[in-house]
Amino acid sequence: MALILGIESSCDETAAAVIDGNGATLATRIVAQRIASQDEAHRPYGGVVPEIAARAHVEVLGPMVEAVLADAGLALGDVDAIAATAGPGLIGGVMVGLVTAKALAMAADKPLVAVNHLEGHALSPRLADPSLCYPYLLLLVSGGHCQILEVAGVGQYRRLATTIDDALGEAFDKTAKILGLGYPGGPAVERLAREGNPKAVPLPRPLVGSGEPHFSFAGLKSAVMRAKDAGVHADADIAASFQQAALDCVVDRTRIALSVAAPGMTALVVAGGVAANAALRGALVALAADHGLPLVAPPPKLCTDNAAMIGWAGVERFALGYTDPLDVAARPRWPLDENAAPVRGAGVKA
Ligand code: KG4
Ligand code: ZN
């Protein structure tokens, strides 16, 4: 029976969870979890300040690990392994979580599992839905990443698409900033968009129609800025029109990816912070159905950063015997598909 302590600290959430790999349902798999958001600390700056984030992780993580073990009714010695995000992310924060995990692993003489944060997102749908089998097509949309990948198994990723400029979550966050909605922006844009007309403001759909499934959101962001500066549109109409344009891009790009993916995909899966967006989920359900596939999306709380997904990736890795030495390095950059070629347009000349 694999009980894994999971730790996440790569951005602005400090989180710890105890995951039971033998649980048959989401409810029994997550034995305990805690999460502390740093939103308040970063709000005055309109975005995450790495140094503030790292210090906050230091203050919160130790007591949080003790608390989550107490919630689970366990001692550190009862877990089978300790899994922590080892990258990619803000390196100061990643190091806080990884060094904590190393110290706990050494003190309790337990194996360490170094988890790629993106793998945490990528496998989180399997935590939530035990029936989800490999291989599946994954749309991974967060604040720092915007990719489409074939997921053939643990550590087996083929990237079909990436963004040549901004990530989808970044586009939501920048739109929020332009509209003065504060930080974090994605949920605020989604709320305001519900009150607006998605057809009110003409906005571009970058790369829609192109034969490769890559993304681009920089031009859309600039158009949102011009629409706001024009001073003639209601903010709710700008938010709704932005969200519609962004979702049109995502649906078109994902459709192309479905057409070029290897045969045999069992599902279209969406994960990462932006997967919490209800309008995005609605648009993808229809697209998946067109291709005879189910759409699998974790519950919104498992889409944004959390430690349950890191613990779950730890469960899957540990089950395959993948553990890491105590000198494993924290990695600010760590692509899921290390073989993916740079994309033309992303500063790469043809
Ligand atoms: O996965 P995540 O928590 O952190 C990263 O690894 O980046 O994703 C955070 C991103 C932010 O850009 C946030 O604005 C976006 O996910 N997000 C949303 C929603 N909830 C979070 N974007 C649109 N609609 C939402 N409901
Ligand atoms: Zn994330």
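Residues numbered from 1 in each chain as written. Chains lettered and ligands numbered in written order. Predicted model: local features only at pLDDT ≥ 70, side-chain atom pairs only at ≥ 80, totals over all residues. Heavy atoms only, no water.

As recorded in an unreviewed UniProt entry, the protein chain goes by tRNA N6-adenosine threonylcarbamoyltransferase and comes from Novosphingobium taihuense. Taken verbatim from the UniProt record of the protein chain, the Subcellular location (unreviewed entry) comment is "Cytoplasm". Turning to the protein chain, the UniProt record has this under Catalytic activity (unreviewed entry): "L-threonylcarbamoyladenylate + adenosine(37) in tRNA = N(6)-L-threonylcarbamoyladenosine(37) in tRNA + AMP + H(+)". (UniProt positions renumbered as here; feature names shortened; annotations may be inferred.)

Draft legend 1. Up close: the domain arrangement of the protein chain. According to the domain assignment, the protein chain contains domain 1 (3-124 + 301-335) and domain 2 (134-298). Inter-centroid distance (C-alpha atoms) of domain 1 to domain 2 is 27 Å. Between domain 1 and domain 2, the residue contacts involve 22 residues of the former and 19 residues of the latter. When domain 1 packs against domain 2, close to 1,600 Å² is buried across both sides, 65% of that on carbon and sulfur atoms. (Domains from an automatic or database assignment. Contact = heavy atoms within 4.5 Å. Buried area = accessible area lost by both parts, 1.4 Å probe.)

Draft legend 2. Summary view of the coordination of the zinc ion (ligand 2). Surrounding the zinc ion (ligand 2) are the protein donor atoms His 117 (NE2), His 121 (NE2) and Asp 305 (OD), which sit 2.0 to 2.1 Å from the metal. Written as a sequence motif, the donor residues of the zinc ion (ligand 2) are H-x3-H-x183-D. With a gap of four residues between them, His 117 and His 121 both fall in helix α5 (residues 117-128), about one helical turn apart. We note that His 117, like His 121, is buried. (Donors = N, O, S within 2.8 Å, 3.2 Å for Na, K, Ca; no water. Helix = DSSP H or I, 4+ residues; strand = E, 2+ residues; numbered from the N terminus. Buried < 20%, exposed > 50% of the residue type's maximum accessible area, 1.4 Å probe, protein only.)

Draft legend 3. Spotlight on the sheet that holds strand β4 (residues 81-87). In spatial order, the strands read β3-β2-β1-β4-β5; together these five strands make up an open sheet with mixed pairing. In this open sheet, the two strands that pair with only one neighbour each are β3 (30-37) and β5 (112-116). Between one strand and the next, the sheet's axes are offset by a mean angle of 20 degrees, whatever the strand orientation. Sheet strands in contact with helix α4 (residues 91-108) are β1 (3-8), β4 and β5, and its direction is about 155 degrees off that of β4. (Pairing = 2+ DSSP bridges. Axes fitted to C-alpha atoms, helices over the stretch in contact; angles between N-to-C directions.)

Draft legend 4. Fine view of the packing of aromatic side chains. In this structure the tally under the stated criterion is three aromatic pairs. Taking the centre distance of 5.8 Å and the plane angle of 15 degrees together, the rings of Tyr 134 and Tyr 136 count as stacked. Residue Tyr 134 is classed as partly exposed on the basis of its relative accessible area, which comes to 22%. Consider the rings of Phe 172 and Phe 242, whose centres lie 5.0 Å apart with planes at 80 degrees: the pair is edge-to-face. With a gap of 70 residues between them, Phe 172 in helix α6 (residues 168-178) and Phe 242 in helix α9 (residues 235-260) connect regions that are remote in the sequence. With relative accessibility at 0%, the residue Phe 242 sits in the buried group. (Phe/Tyr/Trp six-rings, centres within 6.5 Å; stacked < 30°, edge-to-face > 60°.)

Draft legend 5. Looking closely at the site of ligand 1. Around ligand 1, a shell composed of 18 residues is seen, among which Gly 143, Asp 173, Gly 186, Glu 190 and Asp 305 lie nearest. His 121 places a side-chain nitrogen or oxygen 3.1 Å from an oxygen atom of ligand 1. Here a nitrogen atom of ligand 1 and a side-chain polar atom of Asn 277 are 3.0 Å apart. Relative to its unbound accessible area of 550 Å², ligand 1 is 88% covered by the protein chains. Of all the elements in the fold, those that place two or more residues in the shell around ligand 1 are α5, α6 and α7 (185-193). A breakdown of the residues in the shell around ligand 1 according to their chemical character gives five nonpolar, ten polar and three charged. Here the shell around ligand 1 spans two domains, and each of domain 1 (3-124 + 301-335) and domain 2 (134-298) adds at least three residues to it. (Near = heavy atom within 4 Å. Polar contact = N/O pair within 3.5 Å; in protein donor to acceptor, adjacent residues only side chain to side chain. Areas by Shrake-Rupley, 256 points an atom, 1.4 Å probe, with all protein chains shown as cover. Nonpolar A, V, L, I, M, F, W, Y, C, P; charged D, E, K, R; others polar.)

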